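Read off the chains here:
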Amino acid sequence: MSVKVVDFLRRAFPFLITVGLWRLSDSFWNPAGILAIIPIFFCSFIRYVPGFSLFSLIMCFVIDYKFETVCFWVAMYCLFYAINGFQSLIDLTRMDKNGLGAFMIFFGFTVLIQVLTNFTFINLARGMWMFVWTCALYIPTTALIKRIQHD
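What counts and what doesn't
Starting from 1, residues in each chain are numbered consecutively following that chain's sequence as written. Totals for whole chains, interfaces and linings use all residues, but because this is a predicted model, local features are given only for residues with pLDDT of at least 70 and pairs of side-chain atoms are given and counted only at 80 or more. Excluded from the side-chain calculations are hydrogens and water; all other atoms, namely the structure's heavy atoms, are used. In DSSP terms, a helix is any run of H or I states spanning at least four residues, a strand is any run of E spanning at least two, and both are numbered starting from the N terminus. The buried label goes to any residue with under 20% of its type's maximum accessible area, the exposed label to any with over 50%, and the partly exposed label to all in between, with areas taken from a 1.4 Å probe on protein chains only. We define a nonpolar core as any set of buried Ala, Val, Leu, Ile, Met, Phe, Trp, Tyr and Cys residues linked to one another through side-chain atoms lying within 4.5 Å. Contacts are assigned to residue pairs with any non-hydrogen atoms lying within 4.5 Å of each other. A 1.4 Å probe that fits into a set of points on a 1 Å grid over the protein atoms alone but cannot get out defines a cavity; an open set with protein on both sides within 12 Å along at least five of seven lines defines a pocket, and lining residues are those with an atom within 4 Å of a point. Grid points are joined across faces, edges and corners, and a volume is the space filled by probe spheres set on the points. Each residue receives one of three labels: charged for Asp, Glu, Lys and Arg, nonpolar for Ala, Val, Leu, Ile, Met, Phe, Trp, Tyr, Cys and Pro, and polar for the others, Gly being one of them. Multiplying one less than the number of residues by 1.5 Å gives the expected span of a helix. A residue's bend is given by the angle between axes fitted to the 7 residues ending at it and the 7 residues starting at it. A pair is scored as a salt bridge if a Lys or Arg side-chain nitrogen falls within 4 Å of a carboxyl oxygen belonging to Asp or Glu. Under the pairing criterion, centres of Phe, Tyr and Trp rings, with the six-membered ring standing for Trp, must be within 6.5 Å; the plane angle then separates stacked pairs below 30 degrees from edge-to-face pairs above 60, leaving the rest tilted. The criterion is that NZ of a Lys, or CZ of an Arg, lies within 6 Å of the ring centre and within 35 degrees of the ring normal, and then a charge sits over that ring.

Participant: Explain the environment of alanine 12 residue by residue, including any values.
Facilitator: Inspection of the secondary structure assignment puts alanine 12 in helix α1 (residues 2-23). Overall, the relative accessible area of 11% leaves alanine 12 in the buried class. Distance in space between the C-alpha atoms of alanine 12 and cysteine 78 is 23 Å, their sequence separation being 66 residues.

Participant: Kindly report on the nonpolar core, identifying the contributing residues and their values.
Facilitator: One finds Ile37, Phe41, Phe103 and Phe107 to be the most contacted residues of the largest nonpolar core, which totals 38 residues. Top element by residues in this core is helix α2 (residues 37-46). It accounts for eight residues. If we skip the residues at most four places from it in the chain, isoleucine 37 touches Cys60, Ile63, Trp73, Phe103, Phe106, Phe107 and Thr134.

Participant: Which residues make up the layout of surface pockets, and what are the values?
Facilitator: What the largest pocket holds in volume is close to 500 Å³. In terms of lining residues, the largest pocket is bounded by 19 residues, among which Phe67, Gln114, Asn123, Arg126 and Met130 are the most central. Partitioned by chemical class, the residues of the lining of the largest pocket number ten nonpolar, seven polar and two charged.

Participant: Go over the side chain of threonine 141, please, and point to the residues and values.
Facilitator: With respect to the helices, strands and loops of the structure, threonine 141 is situated in helix α6 (residues 121-149). Assessed through its relative accessible area of 12%, threonine 141 is described here as buried.

Participant: Lay out unusual backbone geometry with the relevant residues and their values.
Facilitator: Of note, the phi angle at alanine 32 is positive, near 55°, even though the residue is not glycine. Checked against the element boundaries, alanine 32 lands in the loop between α1 and α2. With relative accessibility at 14%, the residue alanine 32 sits in the buried group. Positioned with a positive phi, cysteine 71 is a non-glycine residue whose angle comes to about 55°.

Participant: Which residues make up α6, and what values do they have?
Facilitator: The end-to-end C-alpha distance of α6, which contains 29 residues, comes to 41 Å, matching closely the 42 Å that a straight helix rising 1.5 Å per residue would cover. The sharpest bend along α6 comes to roughly 35°, located at tyrosine 138, with the proline proline 140 sitting one to four residues further on. Within the span of α6, buried status applies to Asn123, Gly127, Met130, Thr134, Cys135, Tyr138, Thr141, Thr142, Ile145 and Gln149. The inward-facing, buried residues of α6 abut α1, α2, α3 (52-67) and α5 (100-117).

Participant: Quick one: what's the story with the pattern of salt bridges, residue by residue and with numbers?
Facilitator: Tallying each qualifying case throughout the model produces one salt bridge. With its nearest N and O atoms 3.3 Å apart, the salt bridge here joins arginine 11 to aspartate 7. With arginine 11 and aspartate 7 both in helix α1, this residue pair falls four residues apart, about one helical turn.

Participant: Tell me what's going on with the packing of aromatic side chains, and back it up with residues and numbers.
Facilitator: Within the structure shown, the criterion is met by 26 aromatic pairs. Measuring from ring centre to ring centre gives 5.6 Å for phenylalanine 103 and phenylalanine 107, while their planes differ by 10°; the resulting arrangement is stacked. Of the two residues, phenylalanine 103 and phenylalanine 107 both sit in helix α5, four residues apart, roughly one turn of that helix. Here phenylalanine 103 matches phenylalanine 107 in class, with each residue buried. Note on phenylalanine 119 and phenylalanine 121: the rings are 5.5 Å apart at their centroids and 70° apart in plane angle, and the pair reads as edge-to-face. The class for phenylalanine 119 is partly exposed, based on a relative accessible area of 43%. Positioned above the aromatic ring of tryptophan 22 is the side chain of lysine 66, whose terminal nitrogen or guanidinium carbon lies 4.6 Å from the ring centre.

The structure is reproduced here in structure tokens:
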């Protein structure tokens, strides 16, 4: 019985941490629950978790809801999902540092678009802070997911 519970929690952990990071939103440390994009990216593109793509799409909708953007994160997720599906030169699953470089490209591109659509120096500073903070937390979060799942 307890082995089944532990196995269930290991499989459910990416889903639970995504919802947890989204719920722990704070205006400075985690605006609109944006840190949830880390497990969304990692479990969709780097270390595929079955059934996570649809969940990621739903979570992008709720991030858009909290950010008060209209399907922006959903569109960026779908765009990167399509690019990843058509690419044949780069294998994201074999990248160093759990795909940090690919995440920085994905997240940096989306933050840059958000900053440029309503450019002010305050938004630029927020965008830079959000990029640095999220990329700094990418490695520990992905290491935690890998450690708990350890398939």
